[in-house]
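# Structural overview for review
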Amino acid sequence: MYMKGLRATALVAGLLTPLAACGSSSTTSGTSAAQPLKGVKIEVAAKWTGVEQDNFLKIAKIFEGETGAKITYTPTGDSLDTFLAPRIQGGDPPDIAVLPQPGLVAQYAGQHALKPLSADVVAAVDQNFTPYWKNLGSSGGTPYGVLIKAAYKSTMWYSAKAFDTAGIQPPQTWADMVGPASQKLRDSGVKAPFSLCGASGWTLTDWFENVYLSQAGPQMYDKLAAHQIKWTDPSVAAALKSLGQAWQPNQVAPGALQTDYPTCVGTVFGKKQAAMVYEADFVGTEMSKYPGADQDAKVFPFPKVGATQPVELGGDIAVVMKDTKGAQALLKFLASAEAGKAWAALPGYFSANKNVPPTAYTDAIHQQLAQTILKVGDDARYDMSDMAPAAFGGTDGKGEWKDLTDFLRNPADVAGTQQKLEADAAAAFK
Amino acid sequence: MALGFLLPALALLGALVVYPIVFSAYRSMFDASGNTFVGAHNYTRIFTDADSRTAMRNTLIWVVVAPSLVTVLGLIFAVLTERIRWASAFKMIVFMPMAVSFLASGVIFRLVYEGDPHRGVINAVLTTVHDTFSSSSVYPGAIARPGSPLTPAPGNAFVTTTGIQPGHMVLLPLVGLPAAQLPKSATQAVPAPAPPPDGISGTVWLDFTRGGGGVQNHVDPAEKGLPGIRVQAVQAGKAVASTTTGPDGTFAFTKLPAGTYTLKLPGGNFAAPYQGVTWLGPSLITPAIIGAYIWIWAGFAMVLIAAGLAAIPRDVLEAARMDGASEWHLFRRITVPLLAPVLTVVFVTLVINVLKVFDLVFIIAPGSVQPQATVLALEMWRVSFGGGADQGAGSAMAIFLCLLVSPAIFFNLRRFRQEQ
C-alpha cells in the first residue's frame, strides 16, 4: 500500500513539473502569491491505512496544489498514544495529528500538547459546523480540533435476499426488529437474525449508544456521556434490557464473541448465517469483498427504540500540535466545504460539515444518510464511548468494552452489568 | 587505568540498564500524569485491581505448567533422538519453530485455534474424527414455533404438548430450516390419510412458505415434507412404537394398544453438527497459548539437553548395562541424575522466559478474552499504553516483574560461578 502511494506521488509530481514550469515562466510574482506556503512542510499523523490513506492523500494534493506546501503523511499504527507520547515528550510532535476520539482532545490538551486553533480556522469551523461538533473539538472552552472525517453509526446492514425469503420489510421499530421480524427470519431458516462482532467491544458500545440515544433521548445521552448521571440509572437498565432482546443466544449468529469486526460482515454477506449486521456506513467498503454483496446488501436506519430517531456519528478530529502557519492553513482548508465536497466524492467518507450537500456523495446510500443527518439536525450525537476517557471507552478488554462483552455473554445480567459499568466509569472519570 | 578501560562498558550499562530501572522505580511512585506523588499506591493496586490479579494467577499457572512441560518434552525428545536413525532430521524439525519469530508463531496459532472448522485446523481435525464415528443429522437447527403442537424437549428432541388417542391424525410443523438444505427426496407435504382406529398418522413438514406466505400450522401447497425423521409413540415415558416419515413427511403407527400417547421426534433428528472446541474462549485460552509456547520452546530444551546427554560418560552406562540394569533404570538412575545440572539450567531459563511472556498472549487471545488470558507482562503493557495510559501503574508492574525474575537470574548466575 505504501509503495502504491509512493508511486502515485511520483507520478503526480512528474505530471505537475511541466505545469509548474509553465506557471513560473509567465509571471514569477504571481506564483508566489498563489502559493503562499511554497516549500513549507506539514507532517500529518493519523491511523488511516489503505483506501482511507489514499483518499486523504488525494485531498492533501488539492491543498498542495493551491498553496505549494508539502504534506507528509505518517501512519501511526493502531495505538495512537504509543506513537504520539514519545514524540510529544521528545519535543518533536507532528504538525497535525488526527485523533480518533474526542476524549483524546481533552487528554492531550491537559498535557499542553495542543495548540489552539487560529482565528480564521475557528471562523471556518463556525461557518461549516453546528456548535455541537465545534464543542467536540474543544477542551475547557478553547477550540483545538476540527472533525474532518465522520462515520455514520446508525445503520443496520441487511441481506435483501434473506429478507425476501422470510417475506419481511426493513423494520421501523425496535420491537418489530427483535420480535416478529426476527422470528420470521429464524423460521425461514437463517441461523440467526443478527451477526455480532463481539471479539472486540467497540461495535457493542455502538449498539448500546443507539438504543440509549433513542430510548432516553439526546439530553440524557449527554449527561451519561459526561458521567453526570450514573450507569446504575434506571434509563441504563431500560436500555440494557432492550439490548438484551437482540443479544439473546437465539438471535445472534454462533461464535459472536470470537468474531472480530470485518469477519462479522462476512457472516451475513459471505457465509449467510445471519441476516443483519449493525455498524457504520464504512461496512460498505468491507462487504464489497464478498461476491454478489453489492446487489444483496441494503441499509435501513437503526430503528427507533423510544421516541427519538437515533443518529450517531463517530469521527476523526484533526488537532494542531505545532503552531505553524502551514498547519493552521491546512486545518482551515480541511474545515472548508470545498475539501468536504471533494472528499465526499471519494468512497468511504462521510462529512459532518453542514455545507456539504447530499448530492456531493456519489452513492445512493451515503446520499440517503446525508439527508437524514440534515433532517435530525441538533439531535445527532457523537459516539459516547469515544468521548469517554480511553480507559473506559476505548480499550480492548477494559471498561465499557469488557463489560458489554460480558453482557453479550450473559444478556440476562442487567443489574450486574450496570454495577460493573458504574465502577469502571467512576474509576476512569475521576 | 583499569577504570579507564571499564568506562565505556560502564557508561553503556548505566545508560541502557541502570538508568531505565532507576527511572521506572521513580516513575512508579507517581500517578498517570506523572505530576502527583502517590507513594506505594501503584504497588497496592497490583494486588487489588481485578485485572492484575487475574494476570498474577495466569502467570502462576504459566510458571508452574510451561517450564516443566517443556523440560520434560525436551528430555524425552533428546533421549529418543539418541536412538532413532533420522536423528538429525528429527532434531531439525523440532528445533525449527525457534527460527520463526514469536509474532509469526502467534499469528499461526491464532489460525490453528480458530473456532470455525473451515479455518481452524484443530477443530477441522476434531470435527472430521467426530463425524467419522457419529454421523451428523439432516435437520440441525430446526425449531418449533410458539403455538405449534410441538415443544422442545431435552437433548434437541421435540414432543407433542397434548396426549393423542389412536384413531387421530396430527400435524407436526417445524421451521428454521433453509429450504435449500432439504434432502432431494423431499416432495410436497400432504396431510396424512386418516389412520385405522388402532393407529396414529401424521405429517412432519417445513411449515414455511418462501416469502412468508402461507398459514401457520397448516399444510400449504408450496411447503415440503421432511423425509427420514424418526417418530416415536411414547406412553408413560417409554417409546412403545417407532416409525420414519416418508418423502411427503407422512408417517403412520398401526396396531397401537388403546391409551393416550405423546409423539416424540428424538434429538438424533436435529443434533447440531459438532463444532469442535472453543479454544479461544475464556476457559481454554491459557492452556491453548501454553500449547503454542511448548511448540516453540521444546526444540530449545531438546538441543541443550541433547548436548548434555552427549557429554555423559559412556562407560558408566556400559557398566550398568553389564550389571543387567533395564533401560528404564538406566534412564532414571544414571541419565537423569547426570543431566541434573543441564536440566536445572534449562528449567530456570524457561522460568525467566515464561515470566516475561507477552507476544504470544497478545496475539493469540482475541480482544474479548484478553482480560481472561492476560499475564503480568501483557498487563503491564495494557495498563501503560493500552488506552489507560497510566505509566505510573505500568512502571510499578515492571518493577514487580523485575523483582519476580531476579531470584531466577541470581540462581543462574551462581551456578555459572560454581561451574567455573
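Thresholds applied
- Residues numbered from 1 in each chain as written.
- Chains lettered and ligands numbered in written order.
- Predicted model: local features only at pLDDT ≥ 70, side-chain atom pairs only at ≥ 80, totals over all residues.
- Helix = DSSP H or I, 4+ residues; strand = E, 2+ residues; numbered from the N terminus.
- Rg over C-alpha atoms; globule rule 2.2 N^0.38 Å.
- Buried ≥ 20, exposed ≤ 12 C-beta atoms within 10 Å, placed from the backbone.
- Contact = placed C-beta atoms within 7 Å.
- Pairing = 2+ DSSP bridges.
- Axes fitted to C-alpha atoms, helices over the stretch in contact; angles between N-to-C directions.
- Nonpolar A, V, L, I, M, F, W, Y, C, P; charged D, E, K, R; others polar.
- Domains from an automatic or database assignment.
- Core = buried A, V, L, I, M, F, W, Y, C linked by C-beta atoms within 7 Å.
- Parallel < 35°, antiparallel > 145°, perpendicular 65-115°, else oblique.
- Left-handed = near helix turned anticlockwise from the far one by under 90°.
- pLDDT = per-residue confidence, 0-100.
- Expected span 1.5 Å × (residues − 1).

What follows is about the overall build of chain B. Scanning chain B from terminus to terminus reveals 13 helices and eight strands. In summary, chain B has a C-alpha radius of gyration of 33 Å against a globular reference of 22 Å for 420 residues, an excess of more than 25%. In terms of its C-alpha atoms, chain B occupies a principal-axis envelope of roughly 115 × 75 × 35 Å. By residue count, 33% of the 420 residues in chain B fall in the buried class. Restricting to contacts in chain B with at least 6 residues of sequence separation, those with at least 24 account for 71%.

Residues and elements named next belong to chain B. The sheet built from three strands is open, its strands ordered β3-β4-β7 with mixed pairing. Only two strands of the sheet have a single partner each, and these edge strands are β3 (169-174) and β7 (250-253). The sheet shows a mean angle of 20° between the axes of neighbouring strands, direction not considered. Sheet topology places strand β4 (residues 200-206) next to β7; four bridges connect them, and they run antiparallel. Bridge assignment links I200 to a residue of β7, and that residue is F253.

By a widely used convention, the size of an interface equals the accessible area lost when the partners come together. Opposite the 26 residues of chain B that make contact, chain A presents 30 residues. Of the residues assigned to the side of chain B that touches chain A, the class counts are 11 nonpolar, 12 polar and three charged.

So, about the domain arrangement of chain B. Entries for chain B in the domain assignment read domain 1 (24-124 + 279-419) and domain 2 (150-269). Relative placement of domain 1 of chain B and domain 2 of chain B: their C-alpha centres are 57 Å apart.

Formed by 134 residues in total, the largest nonpolar core has its most connected members in I96(A), M276(A), V319(A) and L331(A). Ranked by residues supplied to this core, first place goes to helix α10 (residues 202-225) of chain A with 11 residues. Here this core gathers at least three residues from each of two domains, domain 1 (2-7 + 41-152 + 314-377) and domain 2 (155-310 + 388-429) of chain A. For M276(A), the residues in contact, after removing those within four places along its chain, are M156(A), W157(A), Y158(A), P193(A), F194(A) and V268(A). In this structure, Y113(B), I289(B), V342(B) and V346(B) belong to the second largest nonpolar core, which totals 51 residues.

All names here are of chain A. Counting buried residues along strand β7 (residues 155-159), five of its five residues qualify, which places the element largely inside the surrounding structure. Here β7 runs beside strand β10 (residues 297-301); their pairing, made up of five bridges, is antiparallel. Looking at the pairing, Y158 lines up with K298 of β10. With three bridges connecting them, β7 and strand β9 (residues 274-278) associate as antiparallel partners. In the sheet register, W157 faces β9, and the bridge partner there is V277.

Residue and element names in this part refer to chain B. The N-to-C vectors of helix α3 (residues 50-81) and helix α9 (residues 327-355) enclose an angle of 140°; their axes lie 9 Å apart at closest approach. Regarding the angle of α3 to α9, the classification is oblique. In this structure, α3 meets α9 at a crossing whose hand is right-handed. Facing T59, W62, V63, A66, P67, V70, T71, G74, L75 and V79 of α3, the residues of α9 in contact are F331, T335, L343, V346, F347, L350, V351, V354 and L355. Split by residue class, the contact of α3 with α9 holds 15 nonpolar, four polar and no charged.

Let us now look at the pairing of strand β6 (residues 238-244) of chain B. Here strand β5 (residues 230-235) of chain B pairs with β6(B) via six bridges, running antiparallel. Bridge pairing in β6(B) links Q232(B) to S242(B).

What follows concerns the confidence of the model for chain B. Parts of the prediction with low pLDDT should not have their coordinates interpreted in detail. The predicted model of chain B has a mean per-residue pLDDT of 89, with 99% of residues at 70 or higher. Both scores are available for the predicted complex, with the pTM at 0.79 and the ipTM at 0.74.

This next bit is on the domain arrangement of chain A. All names here are of chain A. Domains assigned within chain A are domain 1 (2-7 + 41-152 + 314-377) and domain 2 (155-310 + 388-429). Computed from C-alpha coordinates alone, the two centres of domain 1 and domain 2 are separated by 28 Å. If you look at the interface, domain 1 gives 15 residues, while domain 2 gives 14 residues. At the level of secondary structure, the elements contributing two or more residues to the side of domain 1 that touches domain 2 comprise α5 (103-110), β6 (145-152) and α17 (364-376). Looking at the side of domain 1 that touches domain 2 element by element, the count peaks at five residues for α17. Of the residues belonging to the side of domain 1 that touches domain 2, the class tally is nine nonpolar, six polar and no charged.

This paragraph deals with the packing of helix α3 (residues 50-67) of chain A against helix α16 (residues 337-344) of chain A. Residues and elements named next belong to chain A. Two elements in contact, α3 and α16, have axes whose closest approach is 10 Å; the angle formed by their N-to-C orientations is 140°. One element, α3, and the other, α16, form an angle in the oblique class. α16 is crossed by α3, and the crossing has right-handed handedness. The residues of α16 that touch α3, namely those facing N55, I59 and I62, are A339, A342 and W343. Split by residue class, the contact of α3 with α16 holds five nonpolar, one polar and no charged.

So, on to the environment of F407(A). Residue and element names in this part refer to chain A. Relative to the assigned elements, F407 resides in helix α20 (residues 399-409). With 32 residues separating them along the chain, F407 and K375 place their C-alpha atoms 33 Å apart. If we ignore the near neighbours within four places in the chain, the residues touching F407 are L240, D413 and T417.

Our next topic: the sheet that holds β5(B). Residues and elements named next belong to chain B. Across the sheet, which stays open at both edges, the five strands sit in the order β1-β2-β8-β5-β6 with antiparallel pairing between neighbours. Across the chains shown, the open sheet's two edge strands, defined by having one partner strand only, are β1 (150-153) and β6. Within the sheet, the average angular offset between the axes of one strand and its neighbour, ignoring direction, is 30°. For strand β2 (residues 157-160) and strand β8 (residues 262-265), the ladder comprises two bridges, and the chain directions are antiparallel. Among the inter-strand pairings, F158 is bridged to a residue of β8, identified as L265.

Residues and elements named next belong to chain B. For helix α13 (residues 391-419), spanning 29 residues, the distance from its first C-alpha to its last is 41 Å, which sits close to the expected 42 Å at 1.5 Å a residue. Q391, G392, A393, G394, S395, A396, M397, A398 and I399 are the residues of α13 that are buried. If you follow the buried residues of α13, they end up packed against α1 (2-27), α2 (41-48), α3 and α12 (376-384).

All names here are of chain A. Residue-level pLDDT values for chain A average 86, and 92% of them are 70 or greater. Put simply, helix α1 (residues 2-26) is where chain A has its lowest mean pLDDT, 38, and helix α11 (residues 234-246) is where it has its highest, 96. In the predicted structure, residues 1-32 sits below a pLDDT of 50 and forms nine contacts with residues beyond four places in sequence or in another chain.

All right, on to the environment of A11(B) then. Residues and elements named next belong to chain B. Secondary-structure assignment places A11 in helix α1. Taking the number of C-beta atoms within 10 Å as the measure of exposure, A11 has 10 and is therefore exposed. For the pair A11 and S105, spaced 94 residues apart in sequence, the C-alpha separation works out to 36 Å.

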